[in-house]
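Tertiary structure, described
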Amino acid sequence: MRLSKLYGKEIVTLPDCERLGYLGDCDMLIDTETGKIKSLIIPESKGFFSFFIEKRYLEIPWERIKKVGNDMIIIDLADILK
């Protein structure tokens with residue numbers, strides 16, 4: 001799949017179906033030797049005044065992605081978020 005096809009997809013978690021953002025707002029960590037995506041780096045933004053506090057990021061390994069659909073990417077974070 002091309003990167004342009006992934007751009008703009010909504011990122012949703014399992015099991016609570018929380019929206020983490022869109023792939024266009026995220027960074028990707030790519031293995032330079034293989035060219036494969038290693039992980040997604042998603043900024044955690046909570047609320048309107050989040051620009052006043054230090055940015056925090058959630059790094060999600062590519063193996064956690066369960067499904068890439070037409071409109072969204074589903075990620076299993078069940079054991080990470082506990």
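Here, the structure is the one placed above.
Residues numbered from 1 in each chain as written. Predicted model: local features only at pLDDT ≥ 70, side-chain atom pairs only at ≥ 80, totals over all residues. Heavy atoms only, no water.

**Points about the sheet that holds strand β1 (residues 10-14)**
Overall, mixed pairing links the four strands, which are arranged β2-β1-β7-β6 in an open sheet. The open sheet has two edge strands, β2 (19-22) and β6 (65-68), and neither has a second partner. Adjacent strand axes in the sheet meet at a mean angle of 20° when their direction is disregarded. (Pairing = 2+ DSSP bridges. Helix = DSSP H or I, 4+ residues; strand = E, 2+ residues; numbered from the N terminus. Axes fitted to C-alpha atoms, helices over the stretch in contact; angles between N-to-C directions.)

**Quick notes on the sheet that holds strand β5 (residues 56-61)**
What the three strands build is an open sheet, ordered β3-β4-β5; its pairing is antiparallel. Edge strands, defined here as strands with exactly one partner in the open sheet, are β3 (27-30) and β5. The sheet shows a mean angle of 25° between the axes of neighbouring strands, taken without regard to direction. Sheet analysis places strand β4 (residues 37-44) next to β5, joined by six bridges and oriented antiparallel.

**So, the side chain of Thr13**
Mapped onto the elements, Thr13 comes out in strand β1. A relative accessible area of 0% places Thr13 in the buried class. Setting aside anything within four residues of it in sequence, one finds Thr13 in contact with Glu18, Leu20, Ile75 and Leu77. (Buried < 20%, exposed > 50% of the residue type's maximum accessible area, 1.4 Å probe, protein only. Contact = heavy atoms within 4.5 Å.)

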